[in-house]
Amino acid sequence: AQSVTQLDSQVPVFEEAPVELRCNYSSSVSVYLFWYVQYPNQGLQLLLKYLSGSTLVKGINGFEAEFNKSQTSFHLRKPSVHISDTAEYFCAVMNTGFQKLVFGTGTRLLVSP
Amino acid sequence: GAGVSQSPSNKVTEKGKDVELRCDPISGHTALYWYRQSLGQGLEFLIYFQGNSAPDKSGLPSDRFSAERTGGSVSTLTIQRTQQEDSAVYLCASSPGSAGQETQYFGPGTRLLVL
């Protein structure tokens, strides 16, 4: 079975500052890794994904994440955040042999002026 | 193109009533998933369809929950004899059946409130 840990339930940050949202996973088999964003009263939107290859993946809205197999981590970063980045961010894993996503508990990013 | 759509967007029902939630996946997507998002449990997988078959229904919380998919397209999630703990946002997602099948595209969800 897989599990995902997002230790930070909430991350406050000022506009134009850098941010890192942490994600650690547990799995005994190979996995795919994802970050989704959820704006208020909306569904989930894919930010980026790691399937294989380069461990640094770039996504939409200037976000990037780095897969670290030895540390079983997939932290999300952005060098300069905007007010519009305020949302809930979910890290998720998928066993490469199955289809369901296993989500972390989410991190609420709060960007203030 | 059109994304995943779900209806109704909001549903208020009384305890003990049955409810049906509908999902229209992206055209051509053969895989369809249901998830539940609640304050206490976070985002949980419910059931996965490949075509009209459900090879993984391990997340359905009780036999009051059932789902079907017809014509390889629309899916309906039915909750019988609703309980207050069923209150949640029910999210549907779809993905292509071949290349890109690992990426799930989510609908806006149905917010269910059981009084």
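Residues numbered from 1 in each chain as written. Chains lettered and ligands numbered in written order. Predicted model: local features only at pLDDT ≥ 70, side-chain atom pairs only at ≥ 80, totals over all residues. Heavy atoms only, no water.

Observations concerning the overall build of chain A
From N to C terminus, chain A includes zero helices and twelve strands. Put simply, chain A runs from its N terminus to its C terminus through helices and strands in the order β-β-β-β-β-β-β-β-β-β-β-β. Viewed in the frame of its principal axes, chain A has a C-alpha envelope of about 45 × 30 × 20 Å. Residue pairs in contact within chain A that sit at least 24 positions apart in sequence constitute 57% of those at least 6 positions apart. Approximately 5500 Å² of chain A is accessible, and the part contributed by carbon and sulfur atoms is 51%. (Helix = DSSP H or I, 4+ residues; strand = E, 2+ residues; numbered from the N terminus. Contact = heavy atoms within 4.5 Å. Areas by Shrake-Rupley, 256 points an atom, 1.4 Å probe, with all protein chains shown as cover.)

Things to note about the state of the cysteines
Residues and elements named next belong to chain A. Throughout the structure, instances matching the rule amount to two disulfides over all chains. Residue Cys 23 pairs covalently with Cys 91 via a disulfide, S to S 1.9 Å. On the sign convention where negative means left-handed, the S-S torsion of about -65 degrees between Cys 23 and Cys 91 marks this disulfide as left-handed. Of this pair, Cys 23 sits in the loop between strand E3 (19-21) and strand E4 (24-26) while Cys 91 sits in strand E10 (residues 87-95), and the two are 68 residues apart along the sequence. Judged on exposure class, the residue Cys 23 and its partner Cys 91 are both buried. (Disulfide = S-S within 2.5 Å. Buried < 20%, exposed > 50% of the residue type's maximum accessible area, 1.4 Å probe, protein only.)

Structural notes on the pairing of strand E3 (residues 19-24) of chain B
All names here are of chain B. Going residue by residue along E3, you find Val 19, Leu 21 and Cys 23 tucked away on one face and Glu 20, Arg 22 and Asp 24 left uncovered on the opposite face. Both strand E1 (residues 5-7) and E3 contribute to a ladder of three bridges, which runs antiparallel. From the neighbouring strand, Gln 6 faces E3, where its bridge partner is Cys 23. Alignment of E3 against strand E8 (residues 75-79), held across five bridges, turns out to be antiparallel. Of the residues in E8, the one forming a bridge with Val 19 is Ile 79. (Pairing = 2+ DSSP bridges.)

What about the environment of B:Leu115?
Residues and elements named next belong to chain B. Following the sequence through the fold, Leu 115 ends up in the segment after strand E11 (110-114). What makes Leu 115 exposed here is its relative accessible area of 52%. Measuring from C-alpha to C-alpha, the distance between Leu 115 and Gly 59 comes to 24 Å, with 56 residues separating the pair along the chain. With sequence-adjacent residues up to four places away left out, Leu 115 is seen in contact with Val 12, Thr 13, Glu 14, Lys 15 and Gln 84.

Quick look at the interface of chain A and chain B
Counting residues at the interface gives 17 residues for chain A, matched by 17 residues for chain B. Contact with chain B buries area across many residues of chain A, yet A:Leu44, A:Gln99 and A:Lys100 alone supply 38% of it, more than any other trio. Along the contact surface separating chain A from chain B lie one salt bridge. Linking chain A with chain B are six residue pairs in polar contact (both at pLDDT 80 or more), by the criterion used here. Counting only elements with at least two residues in the side of chain A that touches chain B, the list comes to strand E5 (31-38), strand E6 (44-50) and E10 of chain A. Grouping the amino acids of the side of chain A that touches chain B by side-chain chemistry returns ten nonpolar, five polar and two charged. (Buried area = accessible area lost by both parts, 1.4 Å probe. Salt bridge = Lys/Arg side-chain N within 4 Å of Asp/Glu carboxyl O. Polar contact = N/O pair within 3.5 Å; in protein donor to acceptor, adjacent residues only side chain to side chain. Nonpolar A, V, L, I, M, F, W, Y, C, P; charged D, E, K, R; others polar.)

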